Amino acid sequence: MAFPEPLERLIRALERFPGVGPRSAERMALHVLRSAPEEVADLAVALRDARMETVRCETCGNVTLQSPCRICADPERDPATVCVVEGPREVAKMEDAGAHHGLY
């Protein structure tokens, strides 16, 4: 059974996310259809805002509201100590742990 075209488009869009296969995308899309219109609108706004209001730091590549990010702009940071991380997720973990006082 084929779904209506708008639902098929949503499923295909969700499949483009890393780690999301056809079945997961279908479950998420059907969840969206069962959700209250306000929740769907909140999701749409959150997606738009995340994409439009965040940038990558020109120095370290972290996700931020402005470049350079607050970490790279902090004069209290030790510029001689650089921690190499895979991406923004690891920067957040290091910052939450208070484990590093240099740059990334």
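Look up a bit, the structure's there.
No experiment lies behind these values; they were computed from the predicted model shown.

Quick look at the layout of surface pockets
Part 1: Reported here for the largest pocket is a volume of approximately 250 Å³.
Part 2: Around the largest pocket sit Leu-10, Ala-13, Leu-14, Phe-17, Met-28, Val-32, Val-40, Leu-43, Ala-44 and Leu-47, which together line it.
Part 3: For the lining of the largest pocket, the secondary-structure elements that each account for two or more residues are helix 1 (5-15), helix 2 (22-34) and helix 3 (37-53).
Part 4: The residue inventory of the lining of the largest pocket, partitioned by class, reads 10 nonpolar, no polar and no charged.

Some details on the side chain of Glu-95
Part 1: Looking at the element boundaries, Glu-95 is found in helix 5 (residues 88-97).
Part 2: Residue class for Glu-95 comes out buried when judged on its relative accessible area of 18%.
Part 3: Non-local contacts of Glu-95, meaning those with residues more than four positions away in its chain, are made with Arg-70, Ile-71, Arg-77, His-100 and Tyr-104.

Conventions we followed
Residues numbered from 1 in each chain as written. Predicted model: local features only at pLDDT ≥ 70, side-chain atom pairs only at ≥ 80, totals over all residues. Heavy atoms only, no water. 1 Å grid on protein atoms, 1.4 Å probe; cavity = no way out; pocket = protein on both sides within 12 Å on 5 of 7 lines; lining within 4 Å. Points joined across faces, edges and corners; volume = space filled by probe spheres on them. Helix = DSSP H or I, 4+ residues; strand = E, 2+ residues; numbered from the N terminus. Nonpolar A, V, L, I, M, F, W, Y, C, P; charged D, E, K, R; others polar. Buried < 20%, exposed > 50% of the residue type's maximum accessible area, 1.4 Å probe, protein only. Contact = heavy atoms within 4.5 Å.

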